[in-house]
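Observations on the model geometry
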Amino acid sequence: MGETPSKALEGVKVLDMTHVQSGPSSTQLLAWLGADVIKLETPGRGDITRGQLRDLPDVDSLYFTMLNCNKRSITLNMKTPEGKEVFEKLVADVDVLVENFGPGVVERFGYPWEKLRALNDRLIYASIKGFGPGRYADFKAYEVIAQAMGGSMSTTGFEDGPPLATGAQIGDSGTGIHLVAAILAALYQRTNTGRGQRVQVAMQDAVLNLCRVKLRDQQRLVHGPLGEYPNEQFSDEVPRSGNASGGGQPGWAVRCAPGGPNDYIYVIIQPVGWKPLTELIGKPELAEDPAWATPEVRLSKLDKAFALIEEWTEKHTKWEVMDKLNAHNIPCGPILSTKEIIEDETLAQLGTVVEVDHPERGTFKTVGNPLKLSDSVVEVQRPPLLGEHNDEVLGALGYSADRLAGLRAAGVI
């Protein structure tokens with residue numbers, strides 16, 4: 001008889017008081033890893049994203065469904081004495097409490113860290129805030145504010161254009177992933193100490209961590225222009241450098257046939273790849289030409305090098321170019337549109353994009369679990385309806401059917 005496969009976080013209970021994106025992205029990963037995640041929501045409305053950006057009337061939005069898979073939902077009015085009583089029983093029963101309210105909100109409910117710790121000294125109390133303590137501590141933060149203040153926007157875009165936000169949600173989901181790492185570390189430390197602890201990640205810090213190479217380059221600027229950037233002029237701050245990789249190997253997005261908005265492929269020129277590239281583009285003489293043969297001489301005319309490559313790629317589709325370049329081990333990546341990604345058969349087979357059944361909307365596609373563990377297999381399950389698990393969760397805390405009916409009638413749940 002084979003053993004029933006366990007989950008990495010089996011037995012870990014999480015009280016999820018998060019909303020919108022940064023917190024739910026974090027607790028969804030914990031749920032995928034096997035934690036029992038109980039999402040605590042406001043009666044009647046729930047997480048605000050249930051109603052935001054709806055594509056179907058009166059049905060939970062994709063914004064909500066794609067961030068709350070594999071969780072259970074309860075509703076609780078924290079402003080009532082009975083609601084506080086239920087909350088305190090939940091806190092005493094869980095391993096982790098996660099919240100991403102604005103600064104001071106949980107304290108105003110009457111639950112500073114000291115009180116939560118008194119209710120459960122093994123509790124890991126995890127928070128996402130916009131900023132760390134100090135000057136910005138009380139400021140509100142959203143995705144693009146975090147990108148603005150964490151170094152991303154000033155270094156994204158083209159030299160002659162405005163700072164740009166990236167489509168990657170590095171402020172919200174990026175912080176959520178950082179919080180998962182912190183929670184797992186605290187759970188591990190608890191196995192040695194027996195004590196819970198306070199865990200916090202600021203969105204500004206998470207974005208800056210993802211922009212670390214730009215701080216590297218800020219310090220290198222002291223010694224002169226950055227050769228691997230395509231910019232001709234440098235001031236005393238890291239410039240926006242278009243699609244340059246900013247790394248040791250130059251890269252650029254070049255146009256492909258038939259010329260649509262995403263008919264591009266990103267190509268990297270490595271020293272070993274220059275000779276096969278020259279042959280592919282029909283200019284084999286450039287492989288030995290002293291004006292082109294080495295990375296050093298190419299550095300001053302990378303724009304011309306990529307223009308030559310583009311003359312060739314424009315005659316082929318990005319998929320054809322990908323196959324031809326990969327046959328010679330030349331690093332490249334077609335620019336994939338969201339439509340191409342959501343319809344990609346390989347990504348579906350890998351579980352990178354999954355289809356989930358939902359009782360109210362039918363099926364929807366979402367991003368699968370990116371964390372692959374050989375002994376903790378993930379099945380992405382549908383998100384909960386609002387308050388769907390009230391009786392189940394509160395029943396396990398000892399509330400009888402009569403008591404639950406009373407709480408419901410009083411608007412507590």
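For the structure, see preceding data.
To start, this report covers the structure provided alongside it. Please read all numbers here as calculations on a predicted model, not as lab measurements.

Attention now moves to the overall build of the protein. Along the protein, the regular secondary structure elements total 17 helices and eleven strands. Considering only C-alpha atoms, the protein reaches an extent of 85 × 50 × 45 Å along its principal axes. Classification of the 413 residues of the protein by burial places 44% in the buried group. Restricting to contacts in the protein with at least 6 residues of sequence separation, those with at least 24 account for 65%. About 21,200 Å² of surface is accessible on the protein, with carbon and sulfur atoms providing 54% of the total. Put simply, the protein has 42 plus and 54 minus side-chain charges, and the middle of one group is 5 Å from the middle of the other.

Attention now goes to the sheet that holds strand β8 (residues 264-268). Strand order in this open sheet of three strands is β7-β8-β9, and the pairing throughout is antiparallel. Edge positions in the sheet fall to β7 (251-255) and β9 (332-334), since each has one partner strand and no second. The average angle at which neighbouring strand axes cross in this sheet is 20°, direction not considered. Bridge count for β8 against β9 is three bridges, and the pairing is antiparallel. Paired with tyrosine 266 across the strands is glycine 333, a residue of β9. Along the sheet, helix α13 (residues 318-326) contacts β8 and β9; its crossing angle with β9, the most-contacted strand, is approximately 165°.

It is worth spelling out the environment of proline 370 at this point. Mapped onto the elements of the fold, proline 370 is located in the loop between β11 (362-367) and α16 (390-396). We classify proline 370 as exposed; its relative accessible area is 55%. The spacing of proline 370 and tryptophan 32 is 338 residues in sequence and 9.7 Å in space, taken between C-alpha atoms. Once you skip the residues sitting within four places of it in the chain, proline 370 turns out to touch Leu29 and Trp32.

Strands sit in the order β3-β2-β1-β4-β5-β6 across an open sheet of six strands; the sheet is parallel. Looking at strand neighbours, the two that pair on one side only are β3 (72-75) and β6 (198-202), the edges of this open sheet. Taking each pair of neighbouring strands and ignoring which way they run, the sheet shows an average axis angle of 20°. Relative to strand β5 (residues 124-129), strand β4 (residues 96-99) is paired through four bridges, and the arrangement is parallel. Note that in β5 the partner of valine 98 across the bridge is alanine 126.

Attention now moves to the layout of surface pockets. The computed volume of the largest pocket comes to approximately 910 Å³. Taken together, 35 residues line the largest pocket, and the ones lying closest to its centre are His19, Val20, Asn100, Phe101 and Gly102. Contributing elements (two or more residues each) for the lining of the largest pocket: β2 (36-41) and β5.

Turning to unusual backbone geometry, a few remarks are in order. The omega torsion across alanine 257 and proline 258 is 0°, close enough to zero to call that bond cis. Of note, the phi angle at asparagine 329 is positive, near 65°, even though the residue is not glycine. Of note, asparagine 329 is situated in the loop between α13 and β9.

The buried count for β2 comes to five of six residues, which makes it a mostly enclosed element. Two elements, strand β1 (residues 13-17) and β2, share four bridges in a ladder whose sense is parallel. Within the sheet, the bridge partner assigned to aspartate 16 lies in β2 and is lysine 39. Relative to β3, β2 runs parallel, the two sharing four bridges. Pairing of isoleucine 38 across the sheet is with arginine 72, part of β3.

Taken across its five residues, β1 has four buried, putting it largely inside the fold. Handedness of the crossover joining β1 and β2 through helix α1 (residues 22-32): right-handed.

The next point concerns the packing of aromatic side chains. What the rule picks out here adds up to nine aromatic pairs. Ring geometry for phenylalanine 101 and phenylalanine 109: centres 6.2 Å apart, planes at 75°, overall edge-to-face. Note on tryptophan 274 and tryptophan 292: the rings are 6.1 Å apart at their centroids and 10° apart in plane angle, and the pair reads as stacked. Highlighted residues: tryptophan 274 in helix α10 (residues 274-280) and tryptophan 292 in the loop between α10 and α11 (295-299), separated in sequence by 18 residues. The exposure class of tryptophan 274 is buried, given its relative accessible area of 3%.

Secondary-structure assignment places asparagine 231 in the loop between α9 (212-220) and β7. Within the local environment of asparagine 231, its side chain forms a polar contact with the side chain of glutamate 159, the two groups lying 3.4 Å apart. Side-chain polar atoms of asparagine 231 contact the backbone oxygen of arginine 240, separated by 2.9 Å. Leaving out residues up to four positions away in the same chain, asparagine 231 has contacts with Glu159, Pro239, Arg240 and Ser241.

All right, on to the pattern of salt bridges then. Across all of its chains, the model carries 22 salt bridges by this definition. For arginine 220, the salt bridge goes to aspartate 217, with nearest N and O atoms at 2.7 Å. Of this pair, arginine 220 and aspartate 217 both sit in helix α9, separated by three residues, roughly a single helical turn. The partly exposed category is assigned to arginine 220, whose relative accessible area is 33%. The exposure class assigned to aspartate 217 is buried, which follows from its relative accessible area of 0%. The salt bridge involving glutamate 228 is made with arginine 220; its shortest N-O contact spans 2.9 Å. By relative accessible area, glutamate 228 is classed as buried at 17%.

Cut-offs and rules
Residues numbered from 1 in each chain as written. Predicted model: local features only at pLDDT ≥ 70, side-chain atom pairs only at ≥ 80, totals over all residues. Heavy atoms only, no water. Helix = DSSP H or I, 4+ residues; strand = E, 2+ residues; numbered from the N terminus. Buried < 20%, exposed > 50% of the residue type's maximum accessible area, 1.4 Å probe, protein only. Contact = heavy atoms within 4.5 Å. Areas by Shrake-Rupley, 256 points an atom, 1.4 Å probe, with all protein chains shown as cover. Lys, Arg positive; Asp, Glu negative; His and termini not counted. Charge placed at Lys NZ, Arg CZ, Asp CG, Glu CD. Pairing = 2+ DSSP bridges. Axes fitted to C-alpha atoms, helices over the stretch in contact; angles between N-to-C directions. 1 Å grid on protein atoms, 1.4 Å probe; cavity = no way out; pocket = protein on both sides within 12 Å on 5 of 7 lines; lining within 4 Å. Points joined across faces, edges and corners; volume = space filled by probe spheres on them. Right-handed = clockwise from strand over helix to strand, strands pointing away. Phe/Tyr/Trp six-rings, centres within 6.5 Å; stacked < 30°, edge-to-face > 60°. Polar contact = N/O pair within 3.5 Å; in protein donor to acceptor, adjacent residues only side chain to side chain. Salt bridge = Lys/Arg side-chain N within 4 Å of Asp/Glu carboxyl O.

Function cannot be inferred from these measures alone, as they are strictly geometric.
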